[in-house]
Amino acid sequence: MRRYLRVVVLCLACGFCSLLYAFSQLAVSLEEGAGGVGGKPQAAAASWLGGDGRGTGTGRSVLGGRGYGGTGCKEFSLCYWNPYWMLPSDVCGMNCFWEAAFRYGVKMQPIERVHLAVVACGERLEETVTMLKSALIFSIKPLQFHIFAEDQLHDSFKGILDSWSFLQTFNYSLYPITFPSENAAEWKKLFKPCASQRLFLPLILKEVDSLLYVDTDILFLRPVDDIWSLLKKFNSTQIAAMAPEHEEPRIGWYNRFARHPYYGKTGVNSGVMLMNMTRMRRKYFKNDMTTVRLRWGDILMPLLKKYKLNITWGDQDLLNIIFFHNPESLFVFPCQWNYRPDHCIYGSNCQEAEEEGIFILHGNRGVYHDDKQPAFRAIYEALRNCSFEDDSIHSLLKPLELELQKTVHTYCGKIYKIFIKQLTKSIQDRYDRPPKER
């Protein structure tokens, strides 16, 4: 009797081992057919190389502690039928047993990240860091920062952003300032140093589908997620979104002084620009230089050559020319998403901000650093000085309102409540979220 039991146990053991081997071979064949598990990570950096617009840069991830710059590893579970010697060299393993049986039956949804780009040169480090801080304080989804900066600023950015790694809610990549080599000198001196870098983002960040570009003097007063959601409102022809340059034509610049075509009645401002870059790379643009439609990478230099003696605001003027000829491609969002001193220095002229508050503050004209528009400076100083601690964020409103009350001698100060209306709501919404989601 014992002999029969031993035979039965031996058969069961052999059958179980055969089953494990079959699972192992199945896993290997599926991986070979799928090209490996764990999708390709976002490109850590890119710049101009040769003729394809790709290159190298430096970057570090602080989301979940994994690095995109080659310091981390792909996520992949180690199982008894998927042992270490069957894993690629760049994969880390976690002990498990039954997970492999379900790995190919359950598809994990990738985490959606908001891609935010900025270009910083000269004395713009502090401004840029404050902008990034405002984005992190209120945002819900993880953020991917694409920071284009002069070489001498890279170490400073890296030191500051690495010190924020405890947040585990963002990645960042640092890139050098680069232009197509054959015309680099012309692009560098256009309007301001580095300003025209934004025109080449669709060609540099080829792995990125959509992107929010902002100037360094931007402050987010509500989650970045909200302007990112406007991408879903694009129709089938729209590739980018911007706000009008002016709401009041009587004080508009383009309609009074421009010597080139511009979009709409008063032109558009490119300080906050939401882009579907996949569509931008695919589209063929109408233009006034040839009857042939040109792609994004082919239209920029001819435009500059034709209009360089007629443009004042550099790359923003070129964007206005492009969308003048292709108006169906632009989504125009309200002025509260790009609120500038022009909306209040001659009297309030942004109705949406009066009704709902300011969503994104744009401190152009250097108003964060002088006393001409103290309401703008008060918001900037409050966010610059606050930390990521909940108490610091929740306690900034009362002192800020007291500072804003001192600005009522200016036109912008007279309507100071619109500066904190949305900010108050954003802070309360943040407080209402679970601590792990703040």
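Refer to the structure above for everything that follows.
Note that the structure is a prediction, hence the values are computed from the model and not measured.

Before going further, it helps to spend a moment on the state of the cysteines. Each disulfide consists of a covalent bond between the sulfur atoms of two cysteine residues. Throughout the structure, instances matching the rule amount to 3 disulfides. The residue that forms a disulfide with Cys 335 is Cys 350, at a sulfur-sulfur distance of 2.0 Å. Between Cys 335 and Cys 350, the disulfide has an S-S torsion of 95° and is therefore right-handed. With Cys 335 in the loop between strand E13 (330-332) and helix H12 (351-356) and Cys 350 in the loop between E13 and H12, this pair connects stretches of sequence that are 15 residues apart.

Given 3.6 residues per helical turn, the α-helix brings residues three or four places apart onto the same face. Spanning 14 residues, helix H3 (residues 125-138) covers 21 Å between terminal C-alpha atoms, matching the ideal 20 Å at 1.5 Å per step. Taken across its 14 residues, H3 has 12 buried, putting it largely inside the fold. Buried residues of H3: Glu 127, Thr 128, Val 129, Thr 130, Met 131, Leu 132, Lys 133, Ser 134, Ala 135, Leu 136, Ile 137 and Phe 138, and no others.

So, about unusual backbone geometry. In this model, Gln 168 sits at a positive phi of 55°, which is unusual for a non-glycine residue. Take Gln 168: it is sitting in the loop between helix H4 (151-163) and strand E6 (170-175). Of note, Arg 365 is a non-glycine position whose phi angle comes to about 70°, a positive value. Locating Arg 365 in the fold gives a position in the loop between strand E14 (360-362) and helix H13 (374-385). For Arg 365, a relative accessible area of 53% gives the class exposed.

Our next topic: the pattern of salt bridges. Opposite charge on two side chains makes pairing possible when the charged atoms of those side chains draw close. On inspection of all chains with the given rule, the structure shows 20 salt bridges. Among the ionic pairs, Arg 340 bridges to Glu 245, the shortest N-O distance being 4.0 Å. Placement of the pair is Arg 340 in the loop between E13 and H12 and Glu 245 in the loop between strand E9 (240-244) and helix H8 (254-257), with a sequence separation of 95 residues. As far as the burial class goes, Arg 340 and Glu 245 line up, both buried. Arg 340 is paired through a salt bridge with Asp 342; the nearest N and O atoms lie 4.0 Å apart. Taken as a pair, Arg 340 and Asp 342 share a single burial class, namely buried. Each of the salt bridges in this network shares a partner with another, and the network as a whole consists of Glu 126, Asp 371, Arg 377, Glu 381 and Arg 384.

Here we come to the pairing of strand E5 (residues 143-149). Of all the 7 residues making up E5, 7 are buried; the element is thus mostly covered by neighbouring parts of the structure. Here E5 shows two buried faces, one formed by Leu 143, Phe 145, Ile 147 and Ala 149 and the other by Gln 144, His 146 and Phe 148. As paired elements, strand E4 (residues 114-120) and E5 share 7 bridges and run parallel to each other. Looking across to E5, one finds that Ala 120 is bridged to Ala 149. Crossover handedness for the path E4 to H3 to E5: right-handed. Here E5 runs beside E6; their pairing, made up of 6 bridges, is parallel. Its bridge partner being in E6, Leu 143 is matched across the sheet by Phe 170.

The rules behind the values
Residues numbered from 1 in each chain as written. Predicted model: local features only at pLDDT ≥ 70, side-chain atom pairs only at ≥ 80, totals over all residues. Heavy atoms only, no water. Disulfide = S-S within 2.5 Å. Helix = DSSP H or I, 4+ residues; strand = E, 2+ residues; numbered from the N terminus. Expected span 1.5 Å × (residues − 1). Buried < 20%, exposed > 50% of the residue type's maximum accessible area, 1.4 Å probe, protein only. Salt bridge = Lys/Arg side-chain N within 4 Å of Asp/Glu carboxyl O. Pairing = 2+ DSSP bridges. Right-handed = clockwise from strand over helix to strand, strands pointing away.

These results come straight from atomic positions and should not be treated as a statement about function.
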